[in-house]
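Architecture at a glance
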Amino acid sequence: MLNEFYGQFKSGTDIRGVASEGVEGQPVNLTDEVVNNMADGFVLWLSKKVEKKPNELKISVGRDSRISGPHIMELACERFRLAGAKVISCGLASTPSMFMTTVELGMDGALQITASHHPFNRNGLKFFTRSGGLEGSDIEAILTYAQNCEHPAQSDGGSVEEYDFMSDYSKLLRDKIKSEVNAEDYDHPLKGFKIVVDAGNGAGGFYADKVLSVLGADTTGSRYLDPDGMFPNHVPNPEDATAMASICEAVRENSADLGVIFDTDVDRGGAVDSKGNEINRNRLVAVAAAIALEGNEGGTVVTDSITSGGLKEFIEKNLGGKHYRYRRGYKNVIDKALELNARGINCPLAIETSGHAAMRENYFLDDGAYLCTKIIIKAAQLRKQGIGLDELTADLKEPLESREVRFKITEKDFRACGERIISELTAYAEAQDGWQVADDNREGIRVSFDKENGDGWFLLRLSVHDPIMPLNVESDSKGGVDVIYDKLYEFLKTTEGLKL
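Bear in mind the structure is a predicted one, so any value in this text is a computation, not a measurement. (Residues numbered from 1 in each chain as written. Predicted model: local features only at pLDDT ≥ 70, side-chain atom pairs only at ≥ 80, totals over all residues. Heavy atoms only, no water.)

1. Here we look at the nonpolar core
Counting 66 residues, the largest nonpolar core has Leu 190, Phe 206, Tyr 207, Leu 212 and Val 260 as the members making the most contacts within it. Counting residues per element, this core draws most heavily on helix α12 (residues 368–384), at ten residues. With near-sequence residues (within four places) excluded, Leu 190 lies in contact with Ile 177, Ile 195, Leu 212, Leu 215, Gly 216, Ala 217 and Ile 376. One finds Met 38, Ala 83, Ala 85 and Ile 139 within the second-largest nonpolar core, a separate group that totals 37 residues. (Core = buried A, V, L, I, M, F, W, Y, C linked by side-chain atoms within 4.5 Å. Buried < 20%, exposed > 50% of the residue type's maximum accessible area, 1.4 Å probe, protein only. Helix = DSSP H or I, 4+ residues; strand = E, 2+ residues; numbered from the N terminus. Contact = heavy atoms within 4.5 Å.)

2. Overview of the packing of helix α9 (residues 282–292) against α12
Across the interface, α9 lies against α12 with an axial gap of 10 Å and an inter-helix angle of 70°. In terms of orientation, α9 lies roughly perpendicular with respect to α12. Of the two elements, α9 crosses α12, and the hand of that crossing is left-handed. When α9 is examined against α12, the residues Leu 284, Val 287, Ala 288 and Ile 291 are found in contact with a partner set consisting of Leu 371, Lys 374, Ile 375 and Lys 378. A breakdown of the residues in the contact of α9 with α12 according to their chemical character gives six nonpolar, no polar and two charged. (Axes fitted to C-alpha atoms, helices over the stretch in contact; angles between N-to-C directions. Parallel < 35°, antiparallel > 145°, perpendicular 65-115°, else oblique. Left-handed = near helix turned anticlockwise from the far one by under 90°. Nonpolar A, V, L, I, M, F, W, Y, C, P; charged D, E, K, R; others polar.)

3. Thoughts on the pattern of salt bridges
On inspection of all chains with the given rule, the structure shows 38 salt bridges. Close ionic contact of Lys 336 with Glu 339 constitutes a salt bridge, the shortest N to O distance being 3.0 Å. A residue pair is termed a helical-turn pair when its members lie 3 or 4 positions apart in one helix, as Lys 336 and Glu 339 do in helix α11 (residues 330–342) at three residues. Judged by relative accessible area, which is 9%, Lys 336 ranks as buried. Glu 339 gets classed as partly exposed once you look at its relative accessible area, which sits at 33%. The closest approach of N and O atoms between Glu 404 and Arg 406, which form a salt bridge, is 3.8 Å. On the basis of relative accessible area, Glu 404 is assigned to the partly exposed category, the value being 40%. The class of Arg 406 is partly exposed, set by a relative accessible area of 47%. One continuous salt-bridge network, built from bridges that share partners, spans Lys 176, Glu 180, Glu 361 and Lys 374. (Salt bridge = Lys/Arg side-chain N within 4 Å of Asp/Glu carboxyl O.)

4. Concerning the layout of surface pockets
The calculated volume of the largest pocket comes to roughly 1,300 Å³. Elements that contribute at least two residues to the lining of the largest pocket include exactly β1 (10–11), β2 (14–18), β6 (122–129), α11 and β18 (401–409). Split by residue class, the lining of the largest pocket holds five nonpolar, 18 polar and 19 charged. The calculated volume of the second largest pocket comes to roughly 410 Å³. Lining the second largest pocket we find 22 residues, and of these Gly 309, Gly 310, Ser 448, Gly 456 and Trp 457 sit closest to its centre. For the lining of the second largest pocket, the secondary structure elements donating two or more residues are α10 (309–318), β19 (436–437), β20 (445–449) and β21 (456–460). The residue makeup of the lining of the second largest pocket, split by class, is five nonpolar, six polar and eleven charged. (1 Å grid on protein atoms, 1.4 Å probe; cavity = no way out; pocket = protein on both sides within 12 Å on 5 of 7 lines; lining within 4 Å. Points joined across faces, edges and corners; volume = space filled by probe spheres on them.)

5. As for empty space enclosed by the protein
Per the counting criterion, the structure on display carries one cavity of 30 Å³ or more. As a volume, the largest cavity reaches approximately 30 Å³. For the largest cavity, the full set of lining residues is Asp 40, Arg 79, Leu 82, Ala 83, Pro 152, Ala 153 and Gln 154. For the lining of the largest cavity, the per-class residue count stands at four nonpolar, one polar and two charged.

6. Quick notes on the packing of aromatic side chains
Scanning the model with the defined rule gives 18 aromatic pairs in all. Taken together, a centroid distance of 4.3 Å and an interplanar angle of 20° make the contact between Phe 42 and Phe 127 stacked. With Phe 42 in helix α2 (residues 32–50) and Phe 127 in strand β6, this residue pair connects regions lying 85 residues apart in the sequence. Geometrically, the ring pair formed by Trp 435 and Phe 458 is edge-to-face, given 5.9 Å between the ring centres and 80° between the ring planes. Of this pair, Trp 435 sits in the loop between α13 (414–430) and β19 while Phe 458 sits in strand β21, and the two are 23 residues apart along the sequence. Side by side, Trp 435 and Phe 458 carry an identical accessibility label, which is buried. Members of the aromatic cluster, each reached through a chain of ring pairs, are Tyr 428, Trp 435, Phe 449, Phe 458 and Phe 491. The ring of Tyr 324 has Arg 442 sitting right over it, with the charged end atom 3.5 Å from the ring centre. Of note, Arg 446 hangs over the ring of Trp 457, and the distance from its end group to the ring centre comes to 3.7 Å. (Phe/Tyr/Trp six-rings, centres within 6.5 Å; stacked < 30°, edge-to-face > 60°. Lys NZ or Arg CZ within 6 Å of the ring centre and 35° of its normal.)

7. Concerning the environment of Phe 5
Tracing the backbone shows Phe 5 in helix α1 (residues 4–7). Distance from Phe 5 to Phe 193, taken between C-alpha atoms, is 51 Å for residues 188 residues apart in sequence. Those residues in contact with Phe 5, other than ones at most four positions away along the chain, are Asn 29 and Val 34.

8. Thoughts on the side chain of Asp 367
The topology assignment puts Asp 367 in the loop between β17 (365–366) and α12. The side chain of Asp 367 sits in the buried core without any salt bridge; Lys 176 is the nearest counter-charge, 11 Å away. Among the polar contacts made by the side chain of Asp 367, one reaches the main-chain amide nitrogen of Ala 369 at a distance of 3.0 Å. When residues no more than four places from it in sequence are discounted, the contact partners of Asp 367 are Pro 96, Tyr 169, Val 266, Asp 267, Ala 357 and Asn 362. (Lys, Arg positive; Asp, Glu negative; His and termini not counted. Polar contact = N/O pair within 3.5 Å; in protein donor to acceptor, adjacent residues only side chain to side chain.)

9. A few points about the sheet that holds strand β11 (residues 269–273)
Across the sheet, which stays open at both edges, the four strands sit in the order β9-β10-β11-β12 with mixed pairing between neighbours. Strands with a single pairing partner mark the edges of an open sheet, and in this sheet they are β9 (195–198) and β12 (278–279). Bridge count for β9 against strand β10 (residues 258–262) is four bridges, and the pairing is parallel. Looking at the pairing, Ile 195 lines up with Leu 258 of β10. (Pairing = 2+ DSSP bridges.)

The following block contains the structure:
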């Protein structure tokens, strides 16, 4: 059982904390001692997982551009070395590339030092084995070792070697584009394309220089490629409105054929087509599904719960696939896709509307650079046919209005409170005329309404980690969101435990 101090670091399937001063009221808790304990905890966990002694392990370490990254990396490499492990220090790297070291270099485990899109003062530890990312229970085990100050025996045989794996990883992406585009100029399949990249000063700048430019693309006008852990221009997050406005502006200003944007550690991506249309959220899911279902006719696409009704119709009617809505959390959708495939159900894609997309052909690794690579390949293939990328999802029906509201839960046992409210709302909805409770929803409660009653739907769910109940409402009619919200509010105002 984790105590309060070490319990604060568990963030789903990652470890996260405050690593740098600079934000009032947020003292550093990822101290050197704590990081050392966590690194040793990973050694003990990994040793048991792969059935090797600590001094027989091979571990790779990478980091994103955060200002605390180099120091934490130095600490982790030294703890692994002291345990006798052979350590490869990869420097600035993307999170997906660190998983790929287990495939390409045969590492037993990998550590990426990142806190995704969170502010500059935060950082964290994300672990991989050849089986993929860790589960929440694995993180708890590592933190338990750290909490109990359990350490592997020190050994003289350890070593740390610096290795530029990002160059290897970039070549994998380049080779993918070459083979699938199969252009007449094989080594320059993107010649004639203008593609701008917005890396948000995270770890994604390599994509412009080491992937696109080498293949002949003109990347002039790309933005914020240099790593800067203070993120001075915008939050590196494809879900952030300012970030998306930045890449849209770059596409327009440079008359680009395509724009791509990454989060800090490049496990998420988004894009913009030549007409300035965002390929993000539901449209990103639609594009990824269209690509993944080629050769997988009738296949299943697993998404999170907040995808639109239009997307479900597009996947099932236009693409001929099956849509499986599941819980929020990228690891949840990936694990469900793995489960479905193990049951013999053809499922080539797991994707969350946040931009986490994992394809079966790529180890079900959520990799923003791989996703954008597949989109670029498709754009190049369509160009040969005289078709624009925007035509791929021309039939996708987007909602006219959408809104998200996040209600704070005021009761101490927030999970029990949220589950009670969902249960009460389910009973309430089933008793209302014109409320259609979705039978394919697997998180919270989703209710649809006809044109006379709002022409859309709402989803009320419990946040994965926080004392929050997010509400998503969409409508295909002007003013429909307000109509639906007002209907729901009649129930919400009778509940206890929500700050409305």
